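Reading the structure
Listed here are the chains, written in short residue letters.
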Amino acid sequence: MLKSCQWGSQYVDCDEVFNNDLTDEGLCCSFNRLPPSLIFRNLKDISILNQTFPNNVYDWNAEKGFEDAEYGEFTIPRRPLGAGAHLGLSVVLDAQVANYHCSSTRSIGFKVILANPIETPKMADFGFLISPGFETRVTIEPSVREATETLRDVAVQKRQCYFSNERPLQYYRFYSQRNCLLECQSNYTLNLCECVPYYLPKNKQIKYCGKIEKFCVETAKNDMETVVGNGSTSLFKIFHVSLACVSSPHSSARTFRQNMAVVQFYFYNSKFTKELKSQLYGFTEILSNVGGLLSLCLGFSFLSLVEIFYFITLRLCCEVFHRKVTRNQKLIPFLR
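Cut-offs used in this document
Residues numbered from 1 in each chain as written. Predicted model: local features only at pLDDT ≥ 70, side-chain atom pairs only at ≥ 80, totals over all residues. Heavy atoms only, no water. Helix = DSSP H or I, 4+ residues; strand = E, 2+ residues; numbered from the N terminus. Buried < 20%, exposed > 50% of the residue type's maximum accessible area, 1.4 Å probe, protein only. Contact = heavy atoms within 4.5 Å. Areas by Shrake-Rupley, 256 points an atom, 1.4 Å probe, with all protein chains shown as cover. Disulfide = S-S within 2.5 Å. Pairing = 2+ DSSP bridges. Axes fitted to C-alpha atoms, helices over the stretch in contact; angles between N-to-C directions. Patch = residues over 30% accessible without salt bridge, like charges linked within 9 Å, V, L, I, M, F, W, Y side chains within 5 Å. Salt bridge = Lys/Arg side-chain N within 4 Å of Asp/Glu carboxyl O. Phe/Tyr/Trp six-rings, centres within 6.5 Å; stacked < 30°, edge-to-face > 60°.

This next bit is on the overall build of the protein. When its secondary structure is counted, the protein shows eight helices and twelve strands. Within the span of the protein, comprising 336 residues, buried residues form 39% of the whole. Residue pairs at least 24 apart in sequence account for 70% of intrachain contacts in the protein once pairs closer than 6 positions are excluded. Of the roughly 20,800 Å² of accessible surface on the protein, 55% is carried by carbon and sulfur atoms.

Right, here's the structure in full:
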């Protein structure tokens, strides 16, 4: 399927930068996805495909990003040097229409999805279509969201989000909305159908669902997506690409133009606006606002606070002591 690959204006070997991955659309070609050892908790629970990765793989996640300053140009996950098609990923794809005998759709071409490098993409439902005979450009504009550490003291019901170490998952190493939904779908399908599809996380003691359980699996999937939602994720300046070939068995396309497609993935801008989620009013903000209002309305200051403390405590004690001394002085003549 992959005839030519170009990364940052340099031609690269497609076999070195792409790997096979199992998705709900079957076997797909994946670019910039982390190795299974950095995605899943237990490698014994998943089916390991024939994948090759370089030695310089970074243990990346969306919350921490790249903390280590020593980050090479060819380290996985790769980052482009800038914006524009000449610095992104370009691939030439061959649909090979004549070699297909079955298809999940009635169209000719490819399915493409952009996803988080530590998540399992849902190609069948969220992949967009690429037609052969055309050059397609896919611009990427990430939505960057970040939470401050002060939110950890706020209840989850109020802040409406989790940190990675607050919600440990059974199969995935890092929490994300997509990973959580996939685990929920796996557990729900297991309870309903007593099996789990091959593309969902599970342990090896659980059997795979076959054609007999197809209707039950579809029912569980529809129940999950109707109640929970689609679980869309945001990108964090990094993307991994999954490609799947789909074509109609009745197609008679033979020419180069009807089989080949050129796709370019690149960032639209070099910089992105970040949304920061934090406490609106903390202890410091409340203290400063109260002090500001008192100063505005009453002329209140720190010296006024000292004076109030003086009149409430020291002045009262001095008055009591002075009255006691005066009374003792009046009693002295009678004692003589």
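Now that the structure has been shown, we can carry on.
Attention shifts here to the state of the cysteines. Taken as a whole, this structure holds three disulfides when the rule is applied. Across the disulfide, Cys5 is cross-linked to Cys14 (sulfur-sulfur distance 2.0 Å). A torsion of 115° about the S-S bond marks the disulfide between Cys5 and Cys14 as right-handed. There is no split in this pair, since Cys5 and Cys14 are both buried. The disulfide partner of Cys195 is Cys209, and the S-S distance across this bridge is 2.0 Å. Residues Cys195 and Cys209 share a disulfide whose torsion about the S-S bond is about 100°; that sign makes it right-handed. Highlighted residues: Cys195 in the loop between helix H4 (177–193) and helix H5 (214–227) and Cys209 in the loop between H4 and H5, separated in sequence by 14 residues.

Within a sheet, neighbouring strands are paired by backbone hydrogen bonds and run either parallel or antiparallel to one another. Taken in spatial order, the five strands make up an open sheet running S2-S1-S5-S11-S8, and their pairing is mixed. Of all the strands in the sheet, just strand S2 (10–12) and strand S8 (135–140) have a single pairing partner and so form its edges. Averaged over neighbouring strand pairs, the angle between their axes works out to 20° when direction is ignored. Bridge count for strand S5 (residues 89–94) against strand S11 (residues 260–267) is six bridges, and the pairing is antiparallel. Its bridge partner being in S11, Val92 is matched across the sheet by Val262.

On the surface, Leu22, Leu27, Tyr198 and Tyr208 cluster together into a nonpolar patch covering about 380 Å² of accessible area. For Tyr208, a relative accessible area of 41% translates into the label partly exposed.

The next thing to look at is the environment of Pro197. The topology assignment puts Pro197 in the loop between H4 and H5. In this view, Pro197 contacts Thr189, Tyr208, Cys209 and Val217; residues no more than four positions away in its chain are not counted.

Okay, the packing of aromatic side chains next. A full pass over the atoms with the stated rule returns eight aromatic pairs. Ring geometry for Phe18 versus Phe31: centroids 5.5 Å apart, planes at 45°, classification tilted. Placement of the pair is Phe18 in strand S3 (residues 18–23) and Phe31 in strand S4 (residues 26–31), with a sequence separation of 13 residues. Judged by its relative accessible area of 5%, Phe18 is buried. One aromatic cluster is present, built from ring pairs that chain together Trp7, Phe18 and Phe31.

Using the criterion set out here, one finds twelve salt bridges in the structure. A salt bridge links Asp125 to Lys221, with the nearest nitrogen and oxygen atoms 2.7 Å apart. Here Asp125, found in helix H2 (residues 123–126), pairs with Lys221, found in helix H5; they are 96 residues apart in sequence, far enough to count as distant. Residue class for Asp125 comes out partly exposed when judged on its relative accessible area of 36%.

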